[in-house]
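For reference, the chains in residue letters:
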Amino acid sequence: MGNFILIPIIFFGLVVLFSSFFIVKQQTAVAIERFGKFNSIRQSGLQMKIPLVDRIAGRLTLKIQQLDVMVETKTLDDVFVKIKVSVQFVVIREKVYDAFYKLEYPHDQITSFVFDVVRAEVPKMKLDDVFVKKDDIAIAVKRELKEYMSEYGYDIIKTLVTDIDPDAQVKAAMNRINASEREKIAAQFEGDAARILIVEKAKAEAESKRLQGQGIADQRREIARGLEESVEVLNKVGINSQEASALIVVTQHYDTLQSIGEETNTNLILLPNSPQAGSDMLNNMVASFTASNMIGESMKKSNPKKDDA
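Residues numbered from 1 in each chain as written. Predicted model: local features only at pLDDT ≥ 70, side-chain atom pairs only at ≥ 80, totals over all residues. Heavy atoms only, no water.

A short note on the overall build of the chain
Thought 1: In terms of helices and strands, the chain carries nine helices and eight strands.
Thought 2: Of all 309 residues assigned to the chain, the portion counted as buried reaches 22%.
Thought 3: Roughly 22100 Å² of accessible area belongs to the chain as shown, and the carbon and sulfur atoms make up 58% of that amount. (Helix = DSSP H or I, 4+ residues; strand = E, 2+ residues; numbered from the N terminus. Buried < 20%, exposed > 50% of the residue type's maximum accessible area, 1.4 Å probe, protein only. Areas by Shrake-Rupley, 256 points an atom, 1.4 Å probe, with all protein chains shown as cover.)

What to know about the nonpolar core
Thought 1: In terms of nonpolar packing, the biggest core is built from 34 residues, with Val-114, Val-118 and Leu-145 touching the most fellow members.
Thought 2: Mapped by element, the contributors of at least two residues to this core are strand E6 (65-74), strand E7 (80-91), helix H2 (96-101), helix H3 (106-121), helix H5 (134-149) and strand E8 (154-166).
Thought 3: Once residues lying within four places of it in the same chain are set aside, the contact partners of Val-114 are Val-69, Val-71, Val-85, Val-87, Val-141 and Leu-145. (Core = buried A, V, L, I, M, F, W, Y, C linked by side-chain atoms within 4.5 Å. Contact = heavy atoms within 4.5 Å.)

Some thoughts on the confidence of the model for the chain
Thought 1: Summing up the model confidence of the chain, the mean pLDDT is 79 and the portion of residues at 70 or higher is 74%.
Thought 2: Here helix H9 (residues 304-308) stands out as the element of the chain with the lowest mean pLDDT, 51, in contrast to E7, whose mean of 92 is the highest. (pLDDT = per-residue confidence, 0-100.)

Brief notes about a negative patch on the surface
Thought 1: On the surface, Asp-116, Glu-144, Glu-147 and Glu-151 cluster together into a patch of negative charge.
Thought 2: Its location among the elements puts Glu-147 in helix H5. (Patch = residues over 30% accessible without salt bridge, like charges linked within 9 Å, V, L, I, M, F, W, Y side chains within 5 Å. Salt bridge = Lys/Arg side-chain N within 4 Å of Asp/Glu carboxyl O. Lys, Arg positive; Asp, Glu negative; His and termini not counted. Charge placed at Lys NZ, Arg CZ, Asp CG, Glu CD.)

Details of the side chain of Gln-47
Thought 1: Among the structural elements, Gln-47 can be located in strand E4 (residues 45-48).
Thought 2: From its side chain, Gln-47 meets the backbone oxygen of Gln-43 in a polar contact 3.2 Å long.
Thought 3: Discounting chain neighbours no more than four positions away, the residues touching Gln-47 are Ser-20, Phe-21, Phe-22, Val-24 and Arg-42. (Polar contact = N/O pair within 3.5 Å; in protein donor to acceptor, adjacent residues only side chain to side chain.)

Description of the sheet that holds strand E2 (residues 28-34)
Pairing between the strands of a sheet comes from backbone hydrogen bonds, and it takes one of two forms, parallel or antiparallel.
Thought 1: Taken in spatial order, the three strands make up an open sheet running E3-E2-E5, and their pairing is antiparallel. The outermost strands of the open sheet, each flanked by one partner alone, are strand E3 (37-42) and strand E5 (54-61). Strand-to-strand, the axes of this sheet are offset by a mean angle of 25°, without reference to chain direction.
Thought 2: The sheet contact formed by E2 and E3 spans five bridges and is antiparallel. Residue Arg-34 lies in a different strand from E3, and its bridge partner there is Lys-37. (Pairing = 2+ DSSP bridges. Axes fitted to C-alpha atoms, helices over the stretch in contact; angles between N-to-C directions.)

Quick notes on a nonpolar patch on the surface
Thought 1: Together, Leu-17, Phe-21, Ile-23, Leu-46 and Met-48 make up a nonpolar patch on the protein surface, roughly 530 Å² of accessible area in all.
Thought 2: Secondary structure elements with two or more residues in the nonpolar patch: strand E1 (21-24) and E4.
Thought 3: Within the secondary structure layout, Ile-23 lies in strand E1.

Some points on the side chain of Thr-28
Thought 1: Here Thr-28 shows up in strand E2.
Thought 2: Among all residues touching Thr-28, those that are not within four sequence positions of it are Arg-42, Gln-43, Ser-44, Arg-59, Leu-60, Thr-61 and Leu-62.

Structural notes on the sheet that holds E6
Thought 1: Read across the open sheet, the three strands follow the order E6-E7-E8; overall the sheet is antiparallel. Pairing within the sheet leaves two strands with one partner each, and these edge strands are E6 and E8. Pairwise comparison of adjacent strand axes, ignoring direction, gives a mean angle of 20° for this sheet.
Thought 2: Sheet analysis places E6 next to E7, joined by ten bridges and oriented antiparallel. For Gln-65, the partnering residue across the bridge sits in E7 and is Phe-89.
Thought 3: The sheet contacts of H3 involve E6, E7 and E8, and relative to E6 the element is tilted by about 35°.
Thought 4: Along the sheet face, H5 touches E7 and E8 and points at about 150° away from the line of E8.

Details of unusual backbone geometry
Thought 1: Unusually for a residue other than glycine, Phe-35 sits at a positive phi of about 55°.
Thought 2: You can see Phe-35 is positioned in the loop between E2 and E3.
Thought 3: Accessibility expressed as a relative area gives 67% for Phe-35, which makes it exposed.
Thought 4: At Asp-78, a residue that is not glycine, the phi angle is positive and equals roughly 60°.
Thought 5: Along the chain, the position of Asp-78 falls in the loop between E6 and E7.

Describing H3
Thought 1: Helix length check: H3 (16 residues) gives 23 Å between terminal C-alpha atoms against 22 Å at 1.5 Å per residue, within 8%.
Thought 2: For H3, every residue scored as buried is listed here: Pro-106, Ile-110, Phe-113, Val-114, Val-117 and Val-118. For H3, the buried positions fall inside an angular range of 125° around the axis, keeping them on one side.
Thought 3: For H3, the secondary structure elements touched by its buried residues are E6, E7, H5 and E8. (Expected span 1.5 Å × (residues − 1). Arc of directions from axis to C-beta.)

Digging into the pattern of salt bridges
Thought 1: Tallied over the entire structure, the rule returns seven salt bridges.
Thought 2: Here Arg-55 makes a salt bridge to Glu-33, at a shortest N to O gap of 2.9 Å. Separated by 22 residues along the polypeptide, Arg-55 in strand E5 and Glu-33 in strand E2 bring together distant segments of the chain.
Thought 3: A residue is classified by how much of its surface remains accessible, and Arg-55, at 44% relative accessible area, is partly exposed.
Thought 4: As a salt-bridge pair, Glu-207 and Arg-210 come within 2.6 Å of each other at their nearest N and O atoms. Taken together, the residues Glu-207 and Arg-210, both in helix H6 (residues 168-236) and three residues apart, mark about one turn of the helix.
Thought 5: A residue is classified by how much of its surface remains accessible, and Arg-210, at 46% relative accessible area, is partly exposed.

Structure, rendered in structure tokens:
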């Protein structure tokens, strides 16, 4: 009978003995209470408590945690935008008691502060400034959170504005504006390229005309020199200048007819072909030059005052 009573007592004693030991994992802190009152904070490793007297009130991780908060607010130019703020925080090892007992729901407290700061900062900015100054928003959130949460045993490591999402219609309008701006720039570049091509083409044509005119001038100069030499040669054999000029004109006239006849694809050209055609052409040219000289002399005589002035 005594053995039957001893066995439960031994079993109960072993259970109590083993329940007095517990293990705390790395980067974890455990709060121990004795009869409902805080007793101690235990760190990682094998720990011991008094059975039936001490109890584990709770465990807190000492690892860096991240809380993502989505805040919807309005900008200065009346655009509704959703901003995602990521808060990285950690329990301060020396303030585990404050973190465990002073705050019931730390995530809710952090979320409330993020909402308060973001909705105070973003309405001061236009939508474009929100994208540019997102780091300023993150710094403002961290400053407010760090000052407040440190009293409760939490350290704010980093705050990041990870997403800025305007209304869908606003995003579509922004895309259209960007597309129009890029099309405008492209059109300007195309216009500049076309203008450069036109200018360069005009320069090339002007240079071509200049060289062509210079070639014609050189050609006529050489023709005049050849005619002068021909007249001198004819004068040496007893032919006067007028007869020599008539002979040269007639010769060129028939050379022209011969050149036209040799080309099979030459267009139809009507030219005088009588024997006196060359002489008539020369007489007409001489008469024109004489009349032109007489008109010039008369104009000089009629305007002597203008020349003196």
